[in-house]
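An overview of the molecular structure
The residues making up each chain are set out below.
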Amino acid sequence: LQLGDLDTTPLVYYSTVDTKEPKEQRFEYPSGQRGYTPFVQAAVRASAGLEEAPITGAEGLQVLRTIFGCYKAAETGCRQMLG
């Protein structure tokens, strides 16, 4: 998982979900749409019934697993498997 700090840097990660070999995945953010603020705005609008939620409960759980996996990897210096 590679997270960039700049608006122009894509999110890059490797996944074996659809294949046995890791495959690089890239997600390009629309200009000005990266970061915490647009997500919070979408979540607030969804809670007011103005639009669909930005992610599902299952996706939110996977985000939390990923975040805590990153913490564990930093703490132990070892790669973590996410499930």
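1. A look at the environment of Gly-83
Mapping Gly-83 onto the fold places it in the segment after helix H2 (57–76). Between the alpha carbons of Gly-83 and Arg-65 there is a distance of 7.8 Å; along the sequence they are 18 residues apart. Once residues lying within four places of it in the same chain are set aside, the contact partners of Gly-83 are Gln-62 and Arg-65.

2. Some points on H2
Spanning 20 residues, H2 covers 28 Å between terminal C-alpha atoms, matching the ideal 28 Å at 1.5 Å per step. Backbone geometry just downstream of H2 places Gly-77 in the positive-phi region, at approximately 75°.

3. Looking at the pattern of salt bridges
Under the criterion given, the structure shown has two salt bridges. The partner of Arg-45 in a salt bridge is Glu-51, and the shortest N-O contact between them spans 2.8 Å.

4. Some thoughts on the confidence of the model for the protein
Looking at the protein as a whole, its pLDDT mean stands at 81, while 86% of the residues score no less than 70. Of all secondary-structure elements in the protein, the lowest mean pLDDT belongs to strand E1 (residues 11–15), at 74, while H2 reaches the highest, 91.

5. A few points about the packing of aromatic side chains
The full count for this structure, using the stated rule, is one aromatic pair. Geometrically, the ring pair formed by Phe-68 and Tyr-71 is edge-to-face, given 5.5 Å between the ring centres and 85° between the ring planes. Taken as a pair, Phe-68 and Tyr-71 lie in helix H2 at a separation of three residues, close to a single helical turn.

Rules of the game
Residues numbered from 1 in each chain as written. Predicted model: local features only at pLDDT ≥ 70, side-chain atom pairs only at ≥ 80, totals over all residues. Heavy atoms only, no water. Helix = DSSP H or I, 4+ residues; strand = E, 2+ residues; numbered from the N terminus. Contact = heavy atoms within 4.5 Å. Expected span 1.5 Å × (residues − 1). Salt bridge = Lys/Arg side-chain N within 4 Å of Asp/Glu carboxyl O. pLDDT = per-residue confidence, 0-100. Phe/Tyr/Trp six-rings, centres within 6.5 Å; stacked < 30°, edge-to-face > 60°.

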